[in-house]
Amino acid sequence: MALEQLCDVVQRCQAIKDEGFSPEDYDLFFTAGRTCIEQGNSAQVLSILVDEKNKVCSPKELLVGLLEQVEEADTGSIAETVTLLLKPLQTVLLKLGMKKASSVGMALSTLLSQVATLPVPVTKEQEEEDVFGLCDCCTALLQFVKPFVEEIKEVVKDNNKISKDNELRVELLKFCMKSLSKPLLEVQLKDPDTLLKSPLRDFATEILIILSSIGESLPDLLSRNVLKRREIPGFLEEEVRYPKESLACLSHLLFVDHIAVDIFPAVLSPIFVLQCNMEYIELLLSRTEESRLQKGLELYEKSLIRVEDNHLPVDLLELKTFFSVPQNLVKLMTLCPDQTLRTKGLKVFQLSIDKFNTEAKYKFFKGMLKTSHHAGVEGYIIKNIKNQIDFSLKPCNGNDWFLGKHLLPLLRLVLCLPHGSETDLLQNLDRIMESLNLLRYMLIRDKEWENETGIWTELYKIEDNYLKPLRTGLNMSKVHYEAELKSAKENKKISSKDSKASVCTVTVDNEKLPNMTPEMQIQVLQSAVFTFGLIESVLARIEEIIETKERPLL
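Please read these numbers as outputs of a predicted model, since none were measured by experiment.

Cut-offs applied
Residues numbered from 1 in each chain as written. Predicted model: local features only at pLDDT ≥ 70, side-chain atom pairs only at ≥ 80, totals over all residues. Heavy atoms only, no water. Salt bridge = Lys/Arg side-chain N within 4 Å of Asp/Glu carboxyl O. Helix = DSSP H or I, 4+ residues; strand = E, 2+ residues; numbered from the N terminus. Buried < 20%, exposed > 50% of the residue type's maximum accessible area, 1.4 Å probe, protein only. Contact = heavy atoms within 4.5 Å. Axes fitted to C-alpha atoms, helices over the stretch in contact; angles between N-to-C directions. Parallel < 35°, antiparallel > 145°, perpendicular 65-115°, else oblique. Left-handed = near helix turned anticlockwise from the far one by under 90°. Nonpolar A, V, L, I, M, F, W, Y, C, P; charged D, E, K, R; others polar. Phe/Tyr/Trp six-rings, centres within 6.5 Å; stacked < 30°, edge-to-face > 60°. Lys NZ or Arg CZ within 6 Å of the ring centre and 35° of its normal.

Caption draft 1: Summary view of the pattern of salt bridges. Under the definition given, this model contains 26 salt bridges. The closest approach of N and O atoms between Glu-186 and Arg-292, which form a salt bridge, is 3.1 Å. Here Arg-292 lies in helix α16 (residues 290-305) and Glu-186 lies in the loop between α9 (167-181) and α10 (199-213), a separation of 106 residues in the sequence. Relative accessible area serves as the criterion here: at 28%, Glu-186 is assigned to the partly exposed category. Residue Arg-431 pairs with Glu-378 through a salt bridge whose shortest N-O separation is 3.0 Å. Of this pair, Arg-431 sits in helix α22 (residues 429-445) while Glu-378 is found in helix α20 (residues 375-392), placing the two residues 53 residues apart along the sequence.

Caption draft 2: Quick peek at the environment of Lys-295. Tracing the backbone shows Lys-295 in helix α16. Separated by 43 residues in sequence, Lys-295 and His-252 have C-alpha atoms that sit 7.1 Å apart. Look past the residues within four positions of Lys-295 in its chain and what remains in contact with it is Leu-184, Leu-185, Val-187, Gln-188, His-252 and Leu-284.

Caption draft 3: Quick peek at the packing of helix α17 (residues 321-335) against helix α19 (residues 358-371). Close contact between α17 and α19 brings their axes to 12 Å; oriented N to C, the two are set at 50°. One way to sum up the angle between α17 and α19 is to call them oblique. Pair α17 / α19 crosses with right-handed handedness. Contacts between α17 and α19 pair Phe-323, Pro-326, Gln-327 and Val-330 from the former with Phe-364, Met-368 and Thr-371 from the latter. Split by residue class, the contact of α17 with α19 holds five nonpolar, two polar and no charged.

Caption draft 4: Region of interest: the environment of Leu-467. Take Leu-467: it is sitting in helix α23 (residues 455-495). For Leu-467, a relative accessible area of 4% translates into the label buried. When the C-alpha positions of Leu-467 and Glu-543 are compared, they lie 8.5 Å apart, and in sequence the two are 76 residues distant. In contact with Leu-467, other than residues within four places in its own chain, are Leu-436, Leu-439, Ile-462, Leu-539, Ile-542 and Ile-546.

Caption draft 5: Representation of the packing of helix α15 (residues 270-285) against α16 in the model. In the contact formed by α15 and α16, the axes pass within 8 Å of each other and the chain directions differ by 160°. Accordingly, the angle class assigned to the pair α15 and α16 is roughly antiparallel. Between α15 and α16 lies a crossing whose hand is left-handed. Side by side, α15 and α16 meet where Leu-274, Asn-277, Met-278, Tyr-280, Ile-281, Leu-284 and Leu-285 of the first sit next to Arg-292, Leu-293, Lys-295, Gly-296, Leu-297, Leu-299, Tyr-300, Ser-303 and Leu-304 of the second.

Caption draft 6: Inspection of the packing of aromatic side chains at higher detail. This model, assessed by the stated rule, comprises nine aromatic pairs. On the basis of an interplanar angle of 75° and a centroid distance of 5.9 Å, the ring pair of Tyr-362 and Phe-402 is categorised as edge-to-face. On the criterion of sequence distance, the pair formed by Tyr-362 in helix α19 and Phe-402 in the loop between α20 and α21 (407-414) is long-range, its members being 40 residues apart. Ring centres 6.0 Å apart and planes at 65° place the aromatic pair Phe-365 and Phe-402 in the edge-to-face group. Separated by 37 residues along the polypeptide, Phe-365 in helix α19 and Phe-402 in the loop between α20 and α21 bring together distant segments of the chain. For Phe-402, a relative accessible area of 0% puts it in the buried group. Here the basic side chain of Lys-386 rests over the ring of Tyr-441, its NZ or CZ set 4.8 Å away from the ring centre.

If you want it as structure tokens, here you go:
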């Protein structure tokens, strides 16, 4: 029925000029053509469109109307609509000759925008089943762009190069960049051992091959953020043409998924590759979506693994990204709700430390102690400082940064209390315990007569500025919490006589803890008192070592 309607309107329109078309004629033409395609009669529609007698039927106008229908399709019919339209769209576009670039761009933009809304398969089974049709759409899109890519390749073949401003090339570049941003940045590609035939992996591979085919150098794309110069005319246009998020996906495909490695020359040094990738890593780790965080961690890890231990120079710390990426890692390690990502973040954080040379490690530790503002992270940094001092004290490992005069300023950052004797010891437990362990180690390991670290020279300052305030704060906290514990136990005895379950409020350090039962209250207070005991045991051992040193020989 729809096909007959289309034929009727075409025959009527053949007899009148283009200006004579009424809005009703256009509406009927679009509606009938769309319905025919939906019913599987796309070949017949196509034959009508390309018929020389029907030039006045304006195939471009019909395609615009059909693309509008693609835009209006709901999630359940997007894949079917897209795959149905691609072949007729391609044929009509090829008939437009040299003026087709803008139409190709319009079609690709519309189609990809809709495809990008389809749910991304997460598991191997979901990709195989392809319920929402994303895999089918990606495969079909590759066939759709193939003749246009071949056209650009022929131009390159004939001239050995192509203008960066070639309109069709630019539209294909936009398509590739948009595909990298969405859906590919959303996709976690499966390893070939897990999924032998993966349409999404094939799509990613072909996108990188298309980029190379249309004259884009993958190494140049990777290093754009390092080598670009802001004074170059058209800089803003270049930023729009090469979105950072798309390049981040490109980098992940190359170095994590190992896509298209056969067309990527392995001539760039590992340190340069890391430097190029840091801006993309920063972008990914600054997001809150777990998929982005995971890709950021993976890209950072793979980039670091390529670098030899102790080889990253201190100059890199002057680059913004080598400061911001660790800050983003700290947020991930402390705030991300996913335990797996937090654990992975800590592993990558340590890996990054291992790659710095000695001076860079020193300055990195110093910067982190000043900026992290998290006791757990600071404690972890202090543990690393202890490891570096231990390494430096071994034969033939001496250096200027973790021994002597350079070490002392770092120790002053370590051996301090944020608020003196009023510092919250429980909140700063990780930092305090690691600081005391470091001090105890140094006093035992570095003999007074050797004093390689300079700790014995600095000891009187450490006592005044750190140990004495800590002892005062510890004593006050113990008295306070022991009194609270005694009171809680007495209240429990009283409340146990009451038949109703009791709930109480505990106030510690002027802060109200959440309502809890007497048993929970006692458990919390006992844990605090036990913690103070741990701090005191290490502090007492340090005081004993100092006292022994100061005791005169008989």
